[in-house]
Each structure stands twice: as structure tokens, then as C-alpha cells.
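The residues making up each chain are set out below.
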Amino acid sequence: MAATKDEFFNPTKLSARDKAAATDHTARSIISAEATQREKKTEKLRQLRLEREAAEPAPAPARAKSRKAPADH
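Now for a description of the structure that goes with this document. Computed from a prediction, not measured in an experiment: that's the story for all the values here.

1. A short note on the overall build of the chain
At step 1: Within the chain, the secondary structure is distributed over two helices and zero strands.
At step 2: When burial is assessed residue by residue, the chain has 0% of its 73 residues classed as buried.
At step 3: Per element, the accessible surface of the chain, about 7,900 Å² overall, is 57% carbon and sulfur.

Now the structure itself:
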């Protein structure tokens, strides 16, 4: 059985409107998938940061430096 061009190429032409709709649909699905991945990654990193901060001891508050009153001459 020989391969013909009809098996690899669509013999009917799509209208410009159909091409634009297909491109728009594909682009929107890619953008949506990327946004979902980004949100998942952000949430994962946020969770890891919160766990790390919870595991670390709280830093001791810095003592305020006391200033001596200027000596009167």
C-alpha cells in the first residue's frame, strides 16, 4: 500500500475564519495550561517557604541602643 498525499494533507482548505478560530483556541489552551502550572509552582514554593520559616527559630529582637545624654560643659 503506497502512501498518498491525501493521507498526510487535508484536501479541503480551511477558511480564514476557521484558521483564526483554531489558532485562537490553541493559543488560549496553551496560555491556560501555563497559567495553571505557574500557579501550582507558586503555591508549592509558598508552602515550602512557610514550612522553612516555621522550622527556623524566631530571631531575637534587636536591642535598642541607649544614647547617653550629652555632657554639659
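Still more to cover.
2. A short note on the pattern of salt bridges
At step 1: Per the stated rule, a full pass over the model turns up three salt bridges.
At step 2: When the shortest N-O distance is used, the salt bridge between Asp24 and Arg28 registers 3.0 Å. A residue pair is termed a helical-turn pair when its members lie 3 or 4 positions apart in one helix, as Asp24 and Arg28 do in helix α2 (residues 16–55) at four residues.
At step 3: A relative accessible area of 37% means that Asp24 is categorised as partly exposed.

Rules and cut-offs
Residues numbered from 1 in each chain as written. Predicted model: local features only at pLDDT ≥ 70, side-chain atom pairs only at ≥ 80, totals over all residues. Heavy atoms only, no water. Helix = DSSP H or I, 4+ residues; strand = E, 2+ residues; numbered from the N terminus. Buried < 20%, exposed > 50% of the residue type's maximum accessible area, 1.4 Å probe, protein only. Areas by Shrake-Rupley, 256 points an atom, 1.4 Å probe, with all protein chains shown as cover. Salt bridge = Lys/Arg side-chain N within 4 Å of Asp/Glu carboxyl O.

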